[in-house]
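Notes for the structure review
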Amino acid sequence: MNFVTLAIKNLLRRRGRTILTILGVAIAIAVLFSLLSFNSGYEKQLSGELDNLGIHILAVPKGCPYEAASLIIHGGVIPKYLMGSAIDEVKKVDGIEVASPMLLQQYYKEGRPHIVYGIDSDDMKRLKPWWQVEGRLFTQNEGNVLVIGRNLAEEEGKPKKNVGDVVPFGPDGTPFTIVGILERTGTQDDEFHFVPLPMAQRVFDKPDQITTIAIMVKDISKISEISGQLEKIPDVQVVTMTQIMGTIMNLVGSAQTLLISVIIIAIIISAVGIINTLLMSVNERTREFGMMKAVGASGLDIGKLVFIETLLITAGGGILGLMIAIFGSGLIEGFVREIVPYAPAGNLMTPEPGLIGLCLLFSVGIGFVCGIYPAIRSSRLTPMEAIRSNLE
Amino acid sequence: MKKEEVISAKELTKIYRRGSEEIHALNDVSFAIRKGEFVAVVGPSGSGKTTMLNLIGCLDTPTRGSLRLNGTEISGLKEKDLVKLRRENIGFVFQQFFLLPTLTVRENIELPLLFNRKDGYKSKIDEIIGLVGLKARAEHLPSQLSGGEMQRVAIGRALVNEPKIILADEPTGNLDSATALKIFELFRNLNSQGLTLIIVSHNLELAKIAHRKIYLRDGQVV
């Protein structure tokens with residue numbers, strides 16, 4: 001027998017109370033871990049998603065540039081347009097590798113929105129060289145052809161549409177031939193329809209209009225200089241991907257502030273709960289501690305025992321909390337996706353070993369803080385005071 | 001040849017304070033107990049018996065006077081030194097047993113060794129379990145034992161540190177008379193092996209088997 005086994009046996013004496021205290025710690029740690037894990041996962045996925053766009057700058061119509069850029073990335077539609085001539089102005093600016101016009105449109109079929117990108121396929125090959133296409137990409141002058149994202153071609157993992165299928169497309173349901181299906185990218189592209197830009201302009205009746213110009217620069221370090229040049233073009237506003245990320249992170253940050261407040265309150269409540277439980281337990285065991293002192297325990301021994309009990313509770317709560325957070329991350333992620341302003345594709349919560357270690361350390365830290373007072377109090381009981389109630 | 005004194009008290013006084021009130025639990029008490037003696041401390045409730053036992057057991061320190069335990073003066077000793085003195089000399093037996101309910105008989109008896117940092121005492125524990133007659137009950141929990149058996153465990157726990165003196169506070173107070181008799185026998189047996197026994201008891205039968213009685217009344221030896 002050692003102090004740890006003695007502490008475990010003591011905790012098992014009041015199982016219900018011990019389990020409830022451990023649960024209190026577990027919930028606090030689960031929320032803490034989920035938030036931290038979401039924080040790092042979200043930033044990573046968002047940054048990855050923006051990188052995968054292959055775009056450094058978006059030129060958008062004047063108005064709300066950040067909102068417009070966010071919608072463009074997400075596949076939303078904005079009611080403002082640039083004239084096609086803007087692309088010639090943009091291409092005149094030094095340092096631009098690719099400047100690709102795009103028209104984003106949306107139509108409803110069977111009650112569901114269908115997002116359409118009118119693109120220049122040659123530009124897209126340069127912007128997104130990682131694209132793999134089953135079948136082929138269309139050429140710019142082809143009519144009534146489209147390429148679709150993998151998720152649109154499959155239903156529950158089984159093929160729903162194949163290359164060569166003719167499908168109704170656009171608000172009028174014009175027959176279009178699927179010439180290619182994108183291999184899965186893990187990004188929003190898996191959800192989109194891609195058609196040649198002139199076809200999109202015709203089908204949606206937007207002659208010579210574009211929603212945005214996606215720009216890739218030759219040298220990333222020159223982005224701000226190039227942005228400055230682009231800003232001089234009339235009716236054009238530019239947004240860099242770094243700015244978009246900053247804006248989205250700011251929006252998410254305000255949601256996080258609220259969550260952090262909730263966590264701090266949860267941790268305080270759980271800490272007060274632990275201290276209360278331990279003090280109750282110390283009070284109930286006063287005579288027992290007196291007996292221990294009578295049979296040779298020092299004040300330090302008693303304090304040590306109470307301290308180990310605290311650490312067992314908080315470490316147990318920490319481990320349970322991490323398990324809840326890791327195994328329940330799907331549920332938690334679903335909930336978080338509903339409340340954050342922009343959620344990138346992919347896993348937002350990935351349990352990183354460093355974070356697991358940090359949360360475990362934190363739970364043990366709570367134990368240290370909560371255990372000190374009850375441990376000191378129990379160690380200071382004099383054996384006489386402890387047993388007195390039993391004596392004359 | 002006279003046996004050496006293991007306990008010697010001179011003008012021992014213990015005063016408790018309750019608010020502004022002073023309670024003289026022991027008043028100028030002097031006595032001596034020799035090695036191997038079996039002493040019963042008797043007297044009415046409130047006469048100071050338990051206070052005397054606690055002072056001898058280093059659970060408390062006197063307000064005035066001198067108390068020597070195995071030649072060491074305990075007045076003015078620090079808690080750390082009292083703990084050491086207690087570990088090396090004293091085994092305590094309480095009226096209410098104070099067994100830990102989640103520990104088995106063996107583990108309860110082993111408990112003092114945990115605080116004394118002694119390992120590898122399995123054979124010693126087995127010997128004590130045999131001595132107190134609980135071989136068949138070694139792995140049982142206190143809730144599975146009778147009152148007499150629980151007190152035997154408490155006695156075993158008091159013996160495991162190999163103390164020189166056993167202090168027992170009303171050890172048969174919670175037991176029926178038949179069980180109390182068996183505990184008396186156990187005490188007599190321990191005393192015959194050379195242990196010094198000091199027992200506080202209202203039980204006159206138990207007091208009778210002691211070599212000597214110390215009568216206390218109103219905090220004084222009478």
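Position numbers for residues count from 1 along each chain, tracking the sequence in the order it is written. In the order they appear in the text, chains get letters beginning with A and ligands get numbers beginning with 1. Only residues with pLDDT of at least 70 are given local features in this predicted model, and only at 80 or more are side-chain atom pairs given and counted; all residues enter the totals for whole chains, interfaces and linings.

What follows concerns the overall build of chain B. Numbering of helices and strands runs from the N terminus; a helix is a DSSP stretch of H or I covering at least four residues, while a strand is a stretch of E covering at least two. Along chain B, the regular secondary structure elements total 7 helices and 10 strands. Each residue is classified by how many other C-beta atoms fall within 10 Å of its C-beta atom, where C-beta atoms are placed from the backbone; a count of 20 or more means buried, 12 or fewer means exposed, and values in between mean partly exposed. Across the 222 residues that make up chain B, the buried fraction comes to 48%.

Broken down by element type, chain A carries 14 helices and 14 strands. Relative to its full complement of 392 residues, chain A shows a buried share of 41%. Placing C-beta atoms from the backbone, we regard two residues as in contact once those atoms come within 7 Å. Of the contacts made within chain A by residues no fewer than 6 positions apart, 81% connect residues no fewer than 24 positions apart.

Here the focus is the sheet that holds strand 8 (residues 196-200) of chain B. Residues and elements named next belong to chain B. Strands sit in the order 6-7-8-3-9-10 across an open sheet of 6 strands; the sheet is mixed. Edge positions in the sheet fall to strand 6 (90-93) and strand 10 (220-221), since each has one partner strand and no second. Note on pairing: DSSP must find at least two bridges between two strands before they are called paired. Sheet topology note: the strand 3 (residues 38-42)/strand 8 ladder contains 4 bridges and is parallel. Residue pairing in the sheet places Val39 in a bridge with Ile198 of strand 8. Orientation is described by lines fitted to C-alpha atoms, with helices fitted over the stretch in contact, and by angles between N-to-C directions that extend from 0 to 180 degrees. Across the sheet, helix 1 (residues 49-56) is in contact with strand 3, strand 7 (165-169), strand 8 and strand 9 (212-217); its angle to strand 8 comes to roughly 150 degrees.

A few words on the confidence of the model for chain B. All names here are of chain B. One number per residue, pLDDT, summarises how confident the predictor is, and it ranges from 0 to 100. Looking at chain B, pLDDT values average 85 and 97% of them are 70 or higher. For chain B, the element scoring lowest by mean pLDDT is helix 7 (residues 204-209), at 78; strand 4 (residues 64-69) scores highest, at 90. Model confidence for the complex: the whole-complex pTM is 0.66, and ipTM, which rates the interface, is 0.83.

All names here are of chain B. Two numbers describe how helix 3 (residues 105-115) lies on helix 5 (residues 147-159): the axes approach to 7 Å, and their chain directions differ by 35 degrees. Of the two elements, helix 3 crosses helix 5, and the hand of that crossing is right-handed. Residues Val105, Asn108, Ile109, Leu111 and Pro112 of helix 3 touch helix 5, and the partners they reach there are Val153, Gly156 and Arg157. Its residues assigned to classes, the contact of helix 3 with helix 5 comprises 5 nonpolar, 2 polar and 1 charged. Should the near helix be turned anticlockwise from the far one by less than a right angle, the crossing is termed left-handed; should it be turned clockwise, right-handed. Residues are grouped as follows: nonpolar covers Ala, Val, Leu, Ile, Met, Phe, Trp, Tyr, Cys and Pro; charged covers Asp, Glu, Lys and Arg; every other residue, Gly included, is treated as polar.

Residues and elements named next belong to chain A. Listed in full, the buried residues belonging to helix 1 (residues 3-13) are Leu6, Ala7, Asn10 and Leu11. Along the long axis of helix 1, the arc covered by the buried residues comes to 135 degrees, so they all point the same way. Facing away from the buried surface of helix 1 by more than 90 degrees, the exposed residues are Thr5 and Leu12. Each direction from the helix axis to a C-beta atom contributes to the arc, which is the arc of those directions.

The interface is formed by 31 residues belonging to chain B together with 23 residues belonging to chain A. Put simply, the parts of the chain that give the side of chain B that touches chain A at least two residues each are helix 1, helix 2 (79-89) and helix 3 of chain B. Broken down by element, the side of chain B that touches chain A gets its largest block of residues, 6 residues, from helix 3 of chain B. Of the residues assigned to the side of chain B that touches chain A, the class counts are 12 nonpolar, 10 polar and 9 charged.

For the rest of this paragraph, the subject is helix 2 of chain B. By the burial criterion, the buried members of helix 2 of chain B are Leu82, Val83, Arg86, Arg87 and Asn89 of chain B. Against the buried residues of helix 2 of chain B lie strand 4, strand 6 and strand 7 of chain B.

Another point: the nonpolar core. Membership of the largest hydrophobic core comes to 163 residues, with the highest contact counts inside it found for Ala59 and Ile215 of chain A together with Ile198 of chain B. Broken down by element, the residue count for this core peaks at 12 residues, all from helix 2 (residues 15-52) of chain A. Bear in mind that the domain bounds are from an automatic or database domain assignment. Split by domain, the residues of this core number at least three in each of domain 1 (3-48 + 248-388) and domain 2 (63-234) of chain A. Leave out the neighbours within four places in its chain, and Ile198 of chain B touches Ile33, Val39, Val41, Leu53, Ile56, Ile165 and Leu167 of chain B. Structurally, a nonpolar core is described as a collection of buried Ala, Val, Leu, Ile, Met, Phe, Trp, Tyr and Cys residues joined by way of C-beta atoms within 7 Å.

Looking now at the packing of helix 3 of chain B against helix 4 (residues 122-131) of chain B. Residue and element names in this part refer to chain B. At a minimum axis distance of 10 Å, the contact between helix 3 and helix 4 shows a crossing angle of 115 degrees. Every pair of crossing elements has a handedness; the one defined by helix 3 and helix 4 is right-handed. Every residue of helix 4 that contacts helix 3 at Val105, Arg106, Ile109 and Glu110 is listed here: Ile125, Ile128 and Ile129. Of the residues that constitute the contact of helix 3 with helix 4, the class distribution is 5 nonpolar, no polar and 2 charged.

This next bit is on the pairing of strand 6 (residues 145-148) of chain A. Residues and elements named next belong to chain A. Because side chains alternate across strand 6, one face comprises the buried residues Val145 and Val147, and the other comprises Leu146 and Ile148, equally buried. In terms of strand pairing, strand 6 meets strand 10 (residues 174-182) through 4 bridges, oriented parallel. Paired with Leu146 across the two strands is Ile178, which belongs to strand 10. Relative to strand 11 (residues 193-196), strand 6 runs antiparallel, the two sharing 2 bridges. Paired with Ile148 across the strands is His193, a residue of strand 11.

Let us look at the sheet that holds strand 5 (residues 72-73) of chain B. Residue and element names in this part refer to chain B. Reading across from one edge, 2-1-4-5 is the order of the 4 strands in this open sheet, with antiparallel pairing throughout. Lying at the two open borders of the sheet, with one neighbouring strand each, are strand 2 (21-34) and strand 5. Each of strand 1 (5-18), strand 2 and strand 4 is contacted by helix 1, which is oriented at about 120 degrees to strand 1, the strand it contacts most.

All right, on to the environment of Leu85 of chain B then. Residues and elements named next belong to chain B. Position of Leu85 relative to the elements: it lies in helix 2. Overall, the presence of 17 C-beta atoms within 10 Å leaves Leu85 in the partly exposed class. It is 8.9 Å that separates the C-alpha atoms of Leu85 and Gly57, two residues lying 28 residues apart in sequence. Each residue touching Leu85, except ones within four places of it in the same chain, is listed here: Cys58, Leu69, Thr72 and Ile74.

This next bit is on the environment of Ile109 of chain B. Residues and elements named next belong to chain B. One can find Ile109 in helix 3. Under the C-beta neighbour-count criterion, Ile109 is labelled buried, with 29 such atoms within 10 Å. In this structure the C-alpha to C-alpha distance between Ile109 and Ala138, which are 29 residues apart in sequence, comes to 9.5 Å. Beyond its immediate chain neighbours, meaning those up to four positions away, Ile109 contacts Ile125, Ile128, Ile129, Val153, Gly156, Arg157 and Val160.

Attention shifts here to the pairing of strand 10 of chain A. All names here are of chain A. Where strand 5 (residues 133-135) meets strand 10, 3 bridges bridge the pair, whose relative direction is antiparallel. Note on strand 10: the bridge partner recorded for Glu134 is Ile181. Looking at chain direction, strand 9 (residues 166-169) and strand 10 are connected through 4 bridges and run antiparallel. Bridging across to strand 10, Phe169 finds its partner in Thr174.

The phi torsion at Asp208 of chain A lies on the positive side, around 60 degrees, for a residue other than glycine. Along the polypeptide, Asp208 of chain A turns up in the loop between helix 7 (197-203) and strand 12 (209-210). The backbone of Asp28 of chain B shows a phi angle near 50 degrees, a positive value even though the residue is not glycine. Note on placement: Asp28 of chain B falls in strand 2. Classification of Asp28 of chain B as partly exposed rests on a count of 15 C-beta atoms within 10 Å.

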